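Inside the fold
Take a look at the letters that make up each chain.
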Amino acid sequence: MLQIEIDNGSGFCFGVTTAINKAEEELAKGNILYCLGDIVHNGMECERLRRMGLITINHEEMERLHHAKVLLRAHGEPPETYCLAQRNNIEIIDATCPVVLQLQRRIKQQCDRNPDAQIVIFGKPGHAEVLGLVGQTKGKAIVLAHFEDVAQLDFSRDIYLYSQTTKSLDEFHRIIDYIQQHISPSAVFQSFDTICRQVANRMPNVSAFAGQHDLVLFVCGRKSSNGRVLFDECLRVNANSHLIEGPEEIDSSWLKNVNTVGICGATSTPKWLMDQCRDAIERMEQIREK
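This section reports on the structure supplied with the text.

Parameters and conventions
By convention here, each chain's residues receive numbers from 1 onward along its written sequence. Local features in this predicted model are restricted to residues whose pLDDT is 70 or higher, and side-chain atom pairs enter the listing and the counts only when it is 80 or higher, whereas totals over whole chains, interfaces and linings include all residues. As a convention, hydrogens and water are excluded, and side-chain values are obtained from all of the structure's heavy atoms. For salt bridges, the criterion is a side-chain nitrogen of Lys or Arg within 4 Å of an Asp or Glu carboxyl oxygen. Secondary structure counts use DSSP, requiring at least four H or I residues in a row for a helix and at least two E residues in a row for a strand, with both numbered from the N terminus. Only strands joined by at least two bridges in the DSSP assignment are considered to pair. Axis lines are fitted to C-alpha atoms, over the contacting stretch for helices. Their N-to-C directions set the angle, which ranges from 0 to 180 degrees. The contact criterion used throughout is that any non-hydrogen atoms of two residues lie within 4.5 Å. In this scheme Phe, Tyr and Trp rings, the latter by its six-membered ring, pair at centre separations within 6.5 Å, and the angle between planes marks the pair as stacked below 30 degrees, edge-to-face above 60, and tilted otherwise. Three exposure classes are used, based on accessible area relative to the maximum for each residue type with a 1.4 Å probe and protein chains only: buried under 20%, partly exposed in between, and exposed over 50%. A ring has a charge above it when a Lys NZ or an Arg CZ is no more than 6 Å from the ring centre and no more than 35 degrees off the ring normal. Polar contact is defined as a pair of N or O atoms within 3.5 Å, subject to the rule that within protein one atom must be able to donate a hydrogen and the other to accept it, and that residues adjacent in sequence are counted only when both atoms are side-chain atoms.

A few words now on the pattern of salt bridges. Enumeration according to the criterion identifies 16 salt bridges in this entry. Measuring nitrogen to oxygen at the nearest pair gives 2.4 Å for the salt bridge that ties Asp193 to Arg197. Where Asp275 meets Lys271, a salt bridge forms, and the shortest distance between an N and an O atom there is 3.1 Å. Residue Asp275 and its partner Lys271 are both found in helix H11 (residues 271–289); the two are separated by 4 residues, about one turn of the helix.

Printed below as a string of C-alpha cells:
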C-alpha cells in the first residue's frame with residue numbers, strides 16, 4: 001500500500017502567517033482591503049483570499065488610490081511607499097515581517113553612518129524584499145544575485161554585506177570568504193548574517209525528508225524565491241522530485257513502482273494545498289486499484 005507523508009516542517013513561516021491573519025481579520029469586518037503585490041508567492045492562496053474580497057494592486061495603482069486601506073505584505077516596502085500613503089491619505093496595515101523590518105533598519109543606519117561605503121545585498125534583483133532593502137539606501141545598494149557577481153565589487157573601498165532573509169546560507173558564506181580574501185588592507189569589511197533561521201533551518205530538514213521517500217512532490221508557487229532554493233535541495237538529494245503548484249499537476253505515471261511519497265513545500269505553501277495533493281494521490285491510487 002502506498003504511504004504518503006506530509007512534511008510537518010513545511011508551510012507558512014511566521015511572517016506569511018501574520019500577513020494572512022491580518023488580511024483575514026480585516027476582510028471579516030466587511031472592509032475593502034487592498035494588498036500591495038501578491039500577499040504570498042502562491043497563486044492558489046492568493047485566489048482564496050481574492051474570493052474573500054482581497055484586492056491585489058501594484059505600485060502604479062496605489063498612486064491613484066486615495067482614502068483606502070492597504071496591507072503591506074511580509075516582504076516589506078521602501079520608504080517611498082509610506083510617503084505615498086501619507087500623501088494619499090491611505091491607511092497602512094503593515095504586515096512586514098519583523099525579521100525584514102529589523103534588516104531594513106540596520107541597512108538604513110549603516111548607510112546613514114557611512115554614505116561612501118558599498119552597501120551590498122546578496123539577494124534576487126527585483127524581488128519585493130530586496131527592493132525594500134535597496135530603498136533604505138536611496139537606491140545606492142549593490143545587489144549580488146549569485147556568488148559569481150561578487151567580483152564586480154570595488155575591494156579598495158569599505159564593504160558592508162547583508163543578505164535577503166531567504167537566501168542560501170552556504171552561498172552567503174562563499175561570498176564572505178571571497179571578499180575577505182580580496183579586500184584591501186586599508187578598507188573595512190563587515191558582514192551581517194541576516195538570513196532568517198526559520199527558512200535556513202528548513203534546508204537540512206527538507207534534505208532529510210527528501211531522502212526518506214521514493215517520490216517527492218514539492219508544492220510551491222513558481223515565483224517563490226525560497227521555494228526554488230528548497231526544491232533544488234530536494235532534487236540534489238532525490239532525483240525523483242517534482243515541483244508542482246497544485247494537485248492538478250500531479251502525473252499519475254510518477255506513482256509507478258513507488259512505495260512512499262513525500263509532500264513538502266516552501267514558506268509560502270499553505271498546509272491546505274499540501275493536503276489537497278495528498279488527497280489527489282489517494283484518489284489516483286483508488287482508481288488504479290479498481
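As a further point, take the sheet that holds strand E9 (residues 189–191). The strands making up a sheet associate through backbone hydrogen bonding, with each pair oriented either parallel or antiparallel. Pairing in this open sheet of 4 strands is parallel, and the strands run E7-E6-E8-E9 from one edge to the other. Edge positions in the sheet fall to strand E7 (142–144) and E9, since each has one partner strand and no second. On average, adjacent strands in this sheet sit at an angle of 20° to one another, irrespective of strand direction. Relative to E9, strand E8 (residues 159–163) runs parallel, the two sharing 3 bridges. When the sheet's bridge partners are listed, Ile159 is paired in E9 with Phe189. Lying on the sheet, helix H7 (residues 169–182) is in contact with strand E6 (118–122), E7, E8 and E9; it crosses E8 at an angle near 175°.

Now for the sheet that holds strand E12 (residues 260–265). Sheet architecture is open: 4 strands sit in the order E1-E12-E10-E11, paired in parallel fashion. Lying at the two open borders of the sheet, with one neighbouring strand each, are strand E1 (3–6) and strand E11 (241–244). Strand after strand, the sheet turns through a mean of 20° between neighbouring axes, direction not considered. As paired strands, E1 and E12 are joined by 4 bridges and run parallel to one another. Along E12, the bridge assignment pairs Ile6 with Ile263. Where helix H9 (residues 202–210) meets the sheet, it contacts E1, strand E10 (215–219) and E12, and its direction lies at approximately 160° from that of E12. Sheet strands in contact with helix H10 (residues 225–237) are E10, E11 and E12, and its direction is about 160° off that of E11.

Moving on, we get to the packing of aromatic side chains. Working definition: an aromatic ring pair is given by the centre-to-centre distance plus the angle between the planes. Applying the stated criterion to the full structure yields 5 aromatic pairs. On the numbers, 6.3 Å between centres and 15° between planes, the contact of Phe122 with Phe172 is stacked. Here the residue Phe122 occupies a position in strand E6, and Phe172 occupies one in helix H7, the gap between them amounting to 50 residues. The residues Phe122 and Phe172 share a single accessibility class, namely buried. Aromatic side chains Phe155 and Tyr178 sit 6.0 Å apart centroid to centroid with 50° between the ring planes, which places their arrangement in the tilted category. Of this pair, Phe155 sits in the loop between E7 and E8 while Tyr178 sits in helix H7, and the two are 23 residues apart along the sequence. With a relative accessible area of 22%, Tyr178 lands in the partly exposed category. These aromatic residues form a ring-pair network of at least three members: Phe147, Phe155 and Tyr178. Between Arg174 and the ring centre of Phe147, over which it is positioned, the NZ or CZ distance is 3.9 Å.

So, about the side chain of Thr137. Mapped onto the secondary structure, Thr137 falls in the loop between helix H6 (128–135) and E7. A polar contact is formed between the side chain of Thr137 and the backbone nitrogen of Lys140, at a distance of 3.2 Å. Not counting chain neighbours up to four residues away, the residues in contact with Thr137 comprise Ile107, Cys111 and Ile119.

On to unusual backbone geometry, then. Even without being a glycine, Asn89 presents a positive backbone phi close to 55°. Mapped onto the elements of the fold, Asn89 is located in the loop between helix H4 (79–87) and strand E5 (91–94). A positive phi angle is found at Asn257, which is not glycine, with a value near 60°. Among the structural elements, Asn257 can be located in the loop between E11 and E12.

Let's shift gears to the environment of Ser241. Here Ser241 lies in strand E11. Judged by relative accessible area, which is 6%, Ser241 ranks as buried. On a C-alpha basis, the gap between Ser241 and Phe231 in space is 8.0 Å, while along the polypeptide they are 10 residues apart. In contact with Ser241, other than residues within four places in its own chain, are Val216, Phe231, Cys234 and Leu235. Engagement of the side chain of Ser241 in a polar contact is seen with the backbone oxygen of Cys234, the distance being 3.4 Å.

Below, the discussion takes up the side chain of Ser207. When you line up the elements, Ser207 lands in helix H9. With a relative accessible area of 17%, Ser207 lands in the buried category. Leaving out residues up to four positions away in the same chain, Ser207 has contacts with Glu233, Arg236 and Val237.

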